[in-house]
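Coordinates in review
Here is what each chain is made of, one letter per residue.
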Amino acid sequence: VTSGTAGVAVTAGTSSGSGGAAGGVAGAGGTAGSASAGGSPVVFDGGAIAAVSLTYDDGLDPHLAIVQPALEAVGLRGTFFLSNFEGVEHDWALPSVAMPLEELLPRHLAWQAAGKKGHEIAGHTVNHPCNDPNKAPNYKLTNYTQDRMAKELDESIARMARLGATPPLTFAYPCASDKVGIGPAGEDYSPLVAARFFAARVSVDGIADPSSVDLLHVPQLDTGGKTGDELKKMVDDAIAAKGWLVL
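1. Focus: the packing of helix H1 (residues 61-73) against helix H2 (residues 106-116)
Relative orientation of the contacting elements H1 and H2 amounts to 45°, with a least axis distance of 10 Å. The pairing of H1 with H2 is recorded here as oblique in orientation. In this structure, H1 meets H2 at a crossing whose hand is left-handed. Contacts from Asp61, His63, Leu64 and Gln68 of H1 reach H2 at Arg107, Ala110, Trp111 and Ala114.

Put into structure tokens, the structure is as follows:
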């Protein structure tokens, strides 16, 4: 995907309001909304017929060292869903909010700078709960209650604020938790997400229809293991569908 792709808005924004994985498609071109939820249909920047959002999970150091410079070199910006992991309080993408506040590390300052350059800083929980068998005890999705998840989402927003992120914010569900839920019974926690974020990327595969997309359930397509030609075909398919492709 290049910034010169005809008819395609390659979208990203800042957490301070222009959107990103779910909001940057509106930008100056129109008003973001969800037709299925009674809002206005999504409108792409500059009247483009299709859009591509480039998203990256977990706040990895290569995102700072490799991905962002590569995007910036061709005039693009990305959406970065930041999280830490169990046992990591401060030495990862999300700084601690425990008092007294620890000084921001060079990694945190780099994420601050990324936001100022137009990359979107977005939510992905703090501890990245997952039902993977290798996940530490007490940090699986089945260990979470609604109250625990609510507190963790609030904490993630507070941590992102230290990086300069401000509402409206977007979110990506970790480990397909939009499908599997939390707690032993797999409870839906999307109302907690809806109360805190204006849009969310889910684990459902697909290209979004801008006339009907629910911004709190935006589908995506996985790029793992794909060749350049396969990635280009995804964009071509989005153009043909006049859709919104979230990668």
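2. A short note on the packing of aromatic side chains
Taken as a whole and assessed by the stated rule, the structure comprises 6 aromatic pairs. One aromatic cluster is present, built from ring pairs that chain together Phe171, Tyr173, Tyr189 and Phe197. Just above the ring of Tyr139 sits the side chain of Arg148; from NZ or CZ to the centre is 5.4 Å. The lysine or arginine in question, Arg148, covers the ring of Tyr144, its NZ or CZ lying 3.9 Å from the ring centre.

3. Some remarks on the environment of Tyr173
Locating Tyr173 in the fold gives a position in the loop between strand E6 (170-172) and helix H4 (177-180). Sequence-wise, Tyr173 and Asp57 are 116 residues apart; in three dimensions their C-alpha atoms are separated by 10.0 Å. With near-sequence residues (within four places) excluded, Tyr173 lies in contact with His124, Asp178, Tyr189, Ser190, Val193, Ala200, Arg201 and Val202.

4. Observations regarding the side chain of Ser83
Counting through the fold element by element, Ser83 comes out in the loop between strand E4 (79-82) and H2. According to the relative accessible area criterion, Ser83 is buried, its value standing at 0%. Ignoring anything within four residues of it in the chain, the contact list for Ser83 reads Asp58, Trp92, Ala93, Leu94, His124, Thr125, Val126 and His128.

5. Quick word on the pairing of strand E7 (residues 199-205)
Counting buried residues along E7, 5 of its 7 residues qualify, which places the element largely inside the surrounding structure. Across 3 bridges, E6 lies against E7 in parallel orientation. Each bridged residue has a counterpart across the sheet, and for Thr170 the counterpart in E7 is Ala199. Relative to strand E8 (residues 218-220), E7 is paired through 2 bridges, and the arrangement is parallel. Bridging from a neighbouring strand, Arg201 pairs with Val218 of E8.

6. A short note on the state of the cysteines
Disulfides are covalent bonds that link the sulfur atoms of two cysteine residues. Here the structure, examined in full by the defined rule, presents 1 disulfide. Note that Cys130 is cross-linked by a disulfide to Cys175, the S-S spacing being 2.1 Å. In this structure the cystine formed by Cys130 and Cys175 twists about its S-S bond by roughly -95°; its chirality is therefore left-handed. Highlighted residues: Cys130 in the loop between strand E5 (120-123) and helix H3 (146-162) and Cys175 in the loop between E6 and H4, separated in sequence by 45 residues. Overall, the relative accessible area of 13% leaves Cys130 in the buried class. You can call Cys175 partly exposed: its relative accessible area is 31%.

7. Some remarks on helix H6 (residues 228-241)
In a regular helix each residue adds 1.5 Å, so 14 residues correspond to 20 Å; H6 covers 20 Å between its end C-alpha atoms and thus fits that length. Residues of H6 that are buried: Met234, Val235 and Ala238. Buried positions in H6, seen along its axis, are confined to an arc of 90° and lie on one side of it. Turned more than 90 degrees from where H6 packs its buried face, Asp229, Lys232 and Ala240 sit exposed.

8. Brief notes about the pattern of salt bridges
According to the stated counting rule, one finds 10 salt bridges in the structure shown. Here Lys151 makes a salt bridge to Asp147, at a shortest N to O gap of 3.2 Å. Here Lys151 pairs with Asp147, and both are found in helix H3, just 4 residues apart, close to one helical turn. Among the ionic pairs, Arg159 bridges to Glu155, the shortest N-O distance being 2.7 Å. Residue Arg159 and its partner Glu155 are both found in helix H3; the two are separated by 4 residues, about one turn of the helix. The network of salt bridges with shared partners includes Asp61, Asp91 and Arg107.

Each value, and the rule that gives it
Residues numbered from 1 in each chain as written. Predicted model: local features only at pLDDT ≥ 70, side-chain atom pairs only at ≥ 80, totals over all residues. Heavy atoms only, no water. Axes fitted to C-alpha atoms, helices over the stretch in contact; angles between N-to-C directions. Helix = DSSP H or I, 4+ residues; strand = E, 2+ residues; numbered from the N terminus. Parallel < 35°, antiparallel > 145°, perpendicular 65-115°, else oblique. Left-handed = near helix turned anticlockwise from the far one by under 90°. Contact = heavy atoms within 4.5 Å. Phe/Tyr/Trp six-rings, centres within 6.5 Å; stacked < 30°, edge-to-face > 60°. Lys NZ or Arg CZ within 6 Å of the ring centre and 35° of its normal. Buried < 20%, exposed > 50% of the residue type's maximum accessible area, 1.4 Å probe, protein only. Pairing = 2+ DSSP bridges. Disulfide = S-S within 2.5 Å. Expected span 1.5 Å × (residues − 1). Arc of directions from axis to C-beta. Salt bridge = Lys/Arg side-chain N within 4 Å of Asp/Glu carboxyl O.

So yeah, pure geometry; function would need other evidence.
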